[in-house]
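Notes for the structure review
In case you want the letters, here they are:
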Amino acid sequence: MTTKKVAVILSGCGVYDGAEIHESVITLLRLDQRGAKVQCFAPDIAQLHVINHLTGEQMPETRNVLVESARIARGDIKDIREARVEDFDALIVPGGFGAAKNLSSFATEGAACSVQADVLNLAEAFAQACKPIGLMCISPAIAAKIYGPGVVCTIGNDADTAAAVIKMGGTHEDCEVAEIVEDKARKLVSTPAYMLAQSISEAASGINKMVDRVLELTQKA
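Residues numbered from 1 in each chain as written. Predicted model: local features only at pLDDT ≥ 70, side-chain atom pairs only at ≥ 80, totals over all residues. Heavy atoms only, no water.

Let me state the cut-off plainly: UniProt positions are given in the numbering used here, feature names are shortened, and annotations may be inferred rather than shown by experiment.
As recorded in an unreviewed UniProt entry, the protein goes by Glyoxalase and comes from Pseudomonas deceptionensis. If you open the UniProt record of the protein and go to Catalytic activity (unreviewed entry), you find "glyoxal + H2O = glycolate + H(+)". Listed under Function (unreviewed entry) in UniProt, the entry text for the protein is "Displays glyoxalase activity, catalyzing the conversion of glyoxal to glycolate."

Printed below as a string of structure tokens:
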């Protein structure tokens, strides 16, 4: 098997205002275990806000999504505007509120949300090239914005979030934490991760399965 190249989009650093750290690290670990070459990307924009992860309260400061994402990537990260679909075999987007606050406006606008322009351009390029995409936790909420009506995905079983996915034109399938949902026509694989996980091991059970399937799909024309 030739070495596969995978782009990973991060959305900051920390579950409440950025990328979910466990989900991100599990994803990067699994990709490395499977021999994939990974490049992390993030948009060079201000976070929606900054949350104190000890108290849950908003903090009176601003932080940059790319700079914060660099914490998870150990500095090996690039501005998403440098990403080129032809350089990669697949795309994966970990969850965390950053996916709904920084990569999109889903947290504040729900079904009426928009996706950050650079993120949308890259994701749409992967979709149009029929290259597999893996989404987890809350990030599948933007699947319909990437693929259009009828896309099949999961965010687990949260009724309100699923309703928003459906309102945007997506087809939602309830899913257990250790399982994945695949839209075979679009090569989209999603898993609930911390939308349902009660532990890091539970989160890993579905994420590992999703990463494995995304890599398998890179073998198929």
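Some details on the state of the cysteines
Here is the rule we go by: Only a pair of cysteine sulfur atoms within 2.5 Å qualifies as a disulfide here.
Under the definition given, this model contains 0 disulfides. This cysteine, cysteine 13, is not joined by any disulfide, and cysteine 40 carries the nearest cysteine sulfur, 12 Å off.

Brief notes about the environment of glutamine 128
The line we're drawing: Put simply, DSSP H or I for four residues or longer makes a helix, DSSP E for two residues or longer makes a strand, and each gets a number counted from the N terminus. Each residue's exposure class comes from its accessible area (1.4 Å probe, protein chains only) as a fraction of the maximum for that residue type: buried when under 20%, exposed when over 50%, partly exposed otherwise.
Among the secondary structure elements, glutamine 128 is positioned in helix 5 (residues 117-128). Residue classification places glutamine 128 among the exposed positions, given a relative accessible area of 67%. For the pair glutamine 128 and tyrosine 147, spaced 19 residues apart in sequence, the C-alpha to C-alpha distance is 8.6 Å.

Some thoughts on the side chain of glutamate 182
To keep things clear, this is the line we draw: Here, two residues are considered to be in contact whenever any of their heavy atoms come within 4.5 Å of each other.
Its location among the elements puts glutamate 182 in strand 10 (residues 181-183). Setting aside residues up to four positions removed in sequence, glutamate 182 forms contacts with Leu188, Val189, Arg213 and Leu217.

Regarding the pairing of strand 7 (residues 133-136)
Selection criterion: When DSSP finds two or more bridges between two strands, those strands count as paired.
Side-chain alternation along strand 7 places Ile133 and Leu135 on one buried face and Gly134 and Met136 on a second face that is also buried. Bridge count for strand 6 (residues 90-93) against strand 7 is 3 bridges, and the pairing is parallel. Bridging from a neighbouring strand, isoleucine 92 pairs with glycine 134 of strand 7. Note that strand 7 and strand 11 (residues 188-191) share 4 bridges and pair parallel. Each residue of the ladder has a partner; that of isoleucine 133, found in strand 11, is leucine 188.

Observations concerning the nonpolar core
The cut-off we apply is this: Here, the term nonpolar core denotes a set of buried Ala, Val, Leu, Ile, Met, Phe, Trp, Tyr and Cys residues that are joined through side-chain atoms within 4.5 Å.
Residues Leu91 and Ile92 are the most contacted members of the largest nonpolar core, which totals 69 residues. Element by element, the count of residues in this core is highest for helix 8 (residues 200-217), at 8 residues. Apart from the residues lying within four places of it in its own chain, the contact partners of leucine 91 are Ala7, Ile9, Leu122, Ala123, Phe126, Pro132, Ile133 and Gly134.

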